[in-house]
Amino acid sequence: MNTPVAEKKPRLTTSAMIASIASEGQRVRAAPFGKALLELAAHRADVVGMTADLAKYTDLHLFAQAHPDRYFQMGMAEQLLMAAAGGMAKEGLMPFATTYAVFGTRRAYDFIHQVIAEENLNVKICCALPGLTTGYGPSHQATDDLAMMRAVPGLTIVDPCDALDIEQAVPQIAAHAGPVYMRLLRGNVPLVLDEYDYRFELGKAKLLRDGRDVLIISSGFMTMRALEVAETLALDNLGVAVLHCPTIKPLDVQAIAHAAGSGPRLVVVAENHSVVGGLGEAVASTLMQENIRPAAFRLAGLPDAFLDAGALPTLHDRYEISRETLANRIRRWLV
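Residues numbered from 1 in each chain as written. Predicted model: local features only at pLDDT ≥ 70, side-chain atom pairs only at ≥ 80, totals over all residues. Heavy atoms only, no water.

Caption draft 1: Up close: the sheet that holds strand β7 (residues 180-184). Taking strand neighbours across the sheet as the criterion, the seven strands line up as β3-β2-β4-β5-β7-β6-β12 in an open arrangement whose pairing is mixed. Of all the strands in the sheet, just β3 (71-73) and β12 (247-249) have a single pairing partner and so form its edges. Adjacent strand axes in the sheet meet at a mean angle of 20 degrees, parallel and antiparallel pairs treated alike. Pairing between strand β6 (residues 156-158) and β12: two bridges, direction antiparallel. Counted as the bridge partner of Ile157 is Lys249 from β12. Along the sheet, helix α1 (residues 32-43) makes contact with β2 (47-51), β4 (94-100), β5 (124-128) and β7, crossing β4 at roughly 170 degrees. (Pairing = 2+ DSSP bridges. Helix = DSSP H or I, 4+ residues; strand = E, 2+ residues; numbered from the N terminus. Axes fitted to C-alpha atoms, helices over the stretch in contact; angles between N-to-C directions. Contact = heavy atoms within 4.5 Å.)

As C-alpha cells, then:
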C-alpha cells in the first residue's frame, strides 16, 4: 500500500546563505551605499574610500571605479585599515572605511577605540553583514557589534532599515563631525520607508505608524519586519505601532519615552542583534531612568549564543525574526 508523502518545502541551497534579505517580488534598490557615496564625493573632494579586500561586497567598488585616485585597498588587514583611516583623517580627509562588521569590530576594536574614537577623528566606518544577514555561521555573523561599539565613548552608531535610510544617512554622517559606525546593507536592498513619509535624521527616532495594543521599537531591517508584523496582526484586530530608531547612539530618549509612555500597551524591542548589549538593553535602561512602566516589556532579538550556519530564511525562522515567527512571538506575549 502506498503511504501518502507529506509535502515538504523545497530545500534551500547554499546560495540562500548569502541571499538578499528582500522577499520575492519586494521593491529594491541596488547598491544604495555605493551610489550615495558617489553623489557625496562629487562635491566633497575630501572623501576617500577604503576597504579591507571587500570593495565588491560593500558596494565600494562603484567608488573605486569612479575615483581610483581616492580609493585605497588595504588588503585583509582590518587593523591597518582603521589605523590608516585615522591617519588620513588627521590630514584633513574624510575616510569611509568598509569591511564586514565582524572583522571591522572584533579584529580592529582597539584601533577604533584608541586611534579613531579617543582622538575624535572624522572616520566613517561602514560595515556590511550586520547581525544575522548571512548564513555562514559565527565567523561572519556580527550579532555583537552594537554591544561593542556602544561601549566606545563618542562614537555615533547608525543602523539603517532600507535603501532610503542608507541613501539619506550617508550625507548626514558626513556632515557630522566625528567618528561614526554604520551598519551596512549591500547589494539589492529593500525599499520600504518611502511609503511612510519618512526622512532620516541623525539622532532621531520616527513613529511610522500608531496602534493601541503593541509598540514595536526597532532598528535596521527589523523595522521592515515590524511593519510587516503590524500588517499581519491587524488581521487579528490588533493595533501595532512602530517606532524606528536608526540611530542607536545617541539614542532619541525623548521619542522613546513619549511613545512608550503613551498608554498601557506591550512594548517590544525588535533588533537584528543579540539581546545582550544592543538596542533592547538601551531602551530598557531609558524606560527605567525615565520612570516609564509599560504594560509589559519584551526583547525580540537574537539569543545570547553562537548561531547556526545555514540558509538565511531558515535561520530567520529558527531565531524568530521572520515575519510569521515574530508575529507569533508577539501573539504569545499578549496572552
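Text resumes after the structure shown.
Caption draft 2: Quick look at the pattern of salt bridges. Inspection of every chain in the model, using the stated rule, returns 18 salt bridges. Residue Glu231 pairs with Arg323 through a salt bridge whose shortest N-O separation is 3.6 Å. Linking Glu231 in helix α8 (residues 222-234) with Arg323 in helix α12 (residues 323-334), this pair joins segments that are 92 residues apart in sequence. Residue classification places Arg323 among the partly exposed residues on the basis of a relative accessible area of 32%. (Salt bridge = Lys/Arg side-chain N within 4 Å of Asp/Glu carboxyl O. Buried < 20%, exposed > 50% of the residue type's maximum accessible area, 1.4 Å probe, protein only.)

Caption draft 3: Here's a closer look at the side chain of Thr58. By secondary structure assignment, the location of Thr58 is in the loop between β2 and α2 (61-66). On the basis of relative accessibility, which here comes to 0%, the residue Thr58 falls in the buried class. Filtering out sequence-adjacent residues up to four positions away, Thr58 remains in contact with Phe33, Thr51, Thr98, Thr99, Ala128, Leu184 and Arg186.

Caption draft 4: Up close: the sheet that holds strand β9 (residues 206-209). Pairing within the open sheet is mixed, and its five strands lie in the order β9-β11-β10-β13-β14. Each having just a single partner strand, β9 and β14 (296-302) make up the two edges of the open sheet. Mean inter-strand twist for the sheet, computed between neighbouring axes without regard to direction, equals 25 degrees.

Caption draft 5: Just the state of the cysteines, in detail. Considering all chains together, one arrives at zero disulfides under this definition. Cys127 carries a free sulfur, and the closest cysteine sulfur to it, the one in Cys126, is 7.4 Å from it. Taking the relative accessible area as the measure of exposure, Cys127 reaches 0% and is therefore buried. (Disulfide = S-S within 2.5 Å.)

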